[in-house]
Amino acid sequence: MSTAALPPVAYRDPKRPYWLLSLLVPAALGSGPLAYLWLGQAWILWLPLAAVYLLLPLLDLWMGEDRSNPPEDAVPAMDADRYYRAITFALVPTLWLSIVCAAWFVATHALPWHTQLAMVLSTGVMGGFCINVGHELGHKRSRVEQWLAKLVLAPTGYGHFYVEHNRGHHRDVATLADPASSRMGETLYRFLLREMPGAFRRAWKLERERMARQGKPVWHHDNEVLQPMLFTALLWCALALWLGPAILGFMLPMALWANFQLTSANYIEHYGLLRQTGANGKVETCKPQHSWNSNNTLSNWILFHLQRHSDHHAHASRRYQSLRHFPDLPTLPNGYFGMFILAYIPPLWFAVMNRRLIAATGGDVRRISFQPGLRAKLMRRYGLQEPI
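Residues numbered from 1 in each chain as written. Predicted model: local features only at pLDDT ≥ 70, side-chain atom pairs only at ≥ 80, totals over all residues. Heavy atoms only, no water.

Q: Even after reading the chapter, I still don't get the packing of helix α1 (residues 21-39) against helix α5 (residues 113-138), so can you show me in this structure?
A: For any two helices packed against each other, one specifies the inter-axial angle together with the distance between the axes. In contact at an axis separation of 10 Å, α1 and α5 are set at 165° when each is read in the N-to-C sense. Relative to α5, the element α1 is oriented roughly antiparallel. Crossing angle aside, the handedness with which α1 passes α5 is left-handed. Side by side, α1 and α5 meet where Val25, Pro26, Leu29, Gly30 and Pro33 of the first sit next to Met119, Ser122, Val125, Met126 and Phe129 of the second. Of the residues contributing to the contact of α1 with α5, the split by class is eight nonpolar, two polar and no charged. (Axes fitted to C-alpha atoms, helices over the stretch in contact; angles between N-to-C directions. Helix = DSSP H or I, 4+ residues; strand = E, 2+ residues; numbered from the N terminus. Parallel < 35°, antiparallel > 145°, perpendicular 65-115°, else oblique. Left-handed = near helix turned anticlockwise from the far one by under 90°. Contact = heavy atoms within 4.5 Å. Nonpolar A, V, L, I, M, F, W, Y, C, P; charged D, E, K, R; others polar.)

Q: Explanation requested: the pattern of salt bridges in the structure shown.
A: Two side chains that carry opposite charge are able to pair once their charged atoms sit near each other. Inspection of every chain in the model, using the stated rule, returns 25 salt bridges. The salt bridge involving Asp222 is made with Lys216; its shortest N-O contact spans 2.5 Å. Where salt bridges share partners, they join Lys150, Arg167, Glu207, Arg210 and Glu224 into one cluster. (Salt bridge = Lys/Arg side-chain N within 4 Å of Asp/Glu carboxyl O.)

Q: What's the story with the side chain of His313 in this structure? I'm lost.
A: Inspection of the secondary structure puts His313 in helix α12 (residues 309-314). For His313, a relative accessible area of 6% corresponds to the buried category. For His313, the contacting residues outside a window of four places in its chain are His169, His170, Val173, His270, Cys286 and Ser291. (Buried < 20%, exposed > 50% of the residue type's maximum accessible area, 1.4 Å probe, protein only.)

Q: Looking at this structure, I do not really get the state of the cysteines. What am I missing?
A: Note on terminology: disulfide describes a covalent bond linking the sulfur atoms of two cysteines. All told, the structure shown has zero disulfides when counted by the stated rule. Unpaired in terms of disulfides, Cys237 finds its nearest cysteine sulfur in Cys130, a separation of 18 Å. (Disulfide = S-S within 2.5 Å.)

Q: Can you walk me through the side chain of Glu136 in this structure?
A: Take Glu136: it is sitting in helix α5. Sequence-distant contacts of Glu136, that is, excluding residues within four places in its chain, are made with Thr88, Arg319 and Tyr320.

Q: Whenever I open this one, the packing of aromatic side chains confuses me. Can you help?
A: Under the defined criterion, the tally for this structure stands at 21 aromatic pairs. Ring centres of Phe129 and Phe337 lie 6.1 Å apart, and the angle between their planes is 25°; on these two criteria the pair is classed as stacked. Here Phe129 is found in helix α5, whereas its partner Phe337 is found in helix α13 (residues 336-344), with 208 residues between them in sequence. A centroid spacing of 5.6 Å and a plane angle of 20° characterise the contact between Phe260 and Tyr344, whose relative ring orientation is stacked. Pair noted here: Phe260 is in helix α10 (residues 248-269) and Tyr344 is in helix α13, with a separation of 84 residues, a long-range link. Each of the two residues, Phe260 as well as Tyr344, counts as buried. One aromatic cluster in this structure is built from Tyr53, Phe129, Trp257, Phe260, Tyr336, Phe337, Phe340 and Tyr344. Just above the ring of Tyr83 sits the side chain of Arg16; from NZ or CZ to the centre is 4.1 Å. The ring of Tyr84 carries the charged tip of Arg16 above its face, separated from the ring centre by 5.6 Å. (Phe/Tyr/Trp six-rings, centres within 6.5 Å; stacked < 30°, edge-to-face > 60°. Lys NZ or Arg CZ within 6 Å of the ring centre and 35° of its normal.)

Q: Sorry, what's going on with unusual backbone geometry here?
A: Both trends apply: most residues other than glycine have a negative phi, and most peptide bonds are in trans. Here the phi dihedral of Ala174 falls at roughly 60°; this positive angle occurs in a residue that is not glycine. Along the chain, the position of Ala174 falls in the loop between α7 (161-172) and α8 (188-213). Since its relative accessible area comes to 1%, Ala174 is described here as buried. The phi dihedral of Phe304 falls on the positive side, at around 55°, and the residue is not glycine. Within the secondary structure, Phe304 is located in the loop between α11 (297-302) and α12.

So this is what it looks like as structure tokens:
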């Protein structure tokens, strides 16, 4: 007697509710001013920063790694599910409102300098989340998502990231030509001096060339560097008219700290990894092993799987909910915020990461990007040999 085949069980993303944690980040960072207004204690404005840079890395260690992947046959349905898109869409006005409210709080309260510093840093972290959301939206083909990416990048004045990252960094990643790929022995602070100006120069060059191909002048309303720049100017001018010009003394360092969060992420994401150049002069295709990966659970929920960076670079248009873990990848020992703390202290970063880099590359110096002038010194220190 035959039995009918059971219908396949529809896949349900077990992480589905946890992506909403990304919406709680602005709320958590914005809780400092509310607690200050309630309790009147200046030190309380430092608590959101302690949560991000101390508590979150500890929770990442405690919760461990999530290496689960959705089945490939479920990915089309997940990509079509508007729930995931709605979260990124909702974050755009949420982050804008949070930054505007922070500016209002600073402008309308007599705060001691250390409290103002706490507000600059915590709001800057919020601006870093703007860049993360802009990163996710900016890779998509939908015009709505592309314009939302430009809009959410505007509060921190880093709108050129939309061009630079998609058409520059993804093309040149893990090569010596990329200002956004760090090198073995290069400190975060030295990288900063190369990455920030290099990113803007590359974005402007790419957009100037695109305008020329279309027969348009570079100063044109279709210029995708100028478009988010205009949004920034409108926001900052509106805040100055509403709250007074002095508010720009808050917005500028806030934006610098926000953009430094991106620099920190770029620094840790490709540290020392190098794609090979063949005999024909062509650089090999970017593969998952050309990025540092992290499967730390909590920070991946908050950052839209940004830390599954290996799959992201190998498959840039893949949506965050579908990004995959692969075995045997260069792996960070903590989530991004824990790694930022290490990167801020270069000797500690080098002590943790240089040997991991050597292990990830099998000690093959052809696969290591060395800081110029330090190659011989680093090879001697770690017992590396030139290939025969």
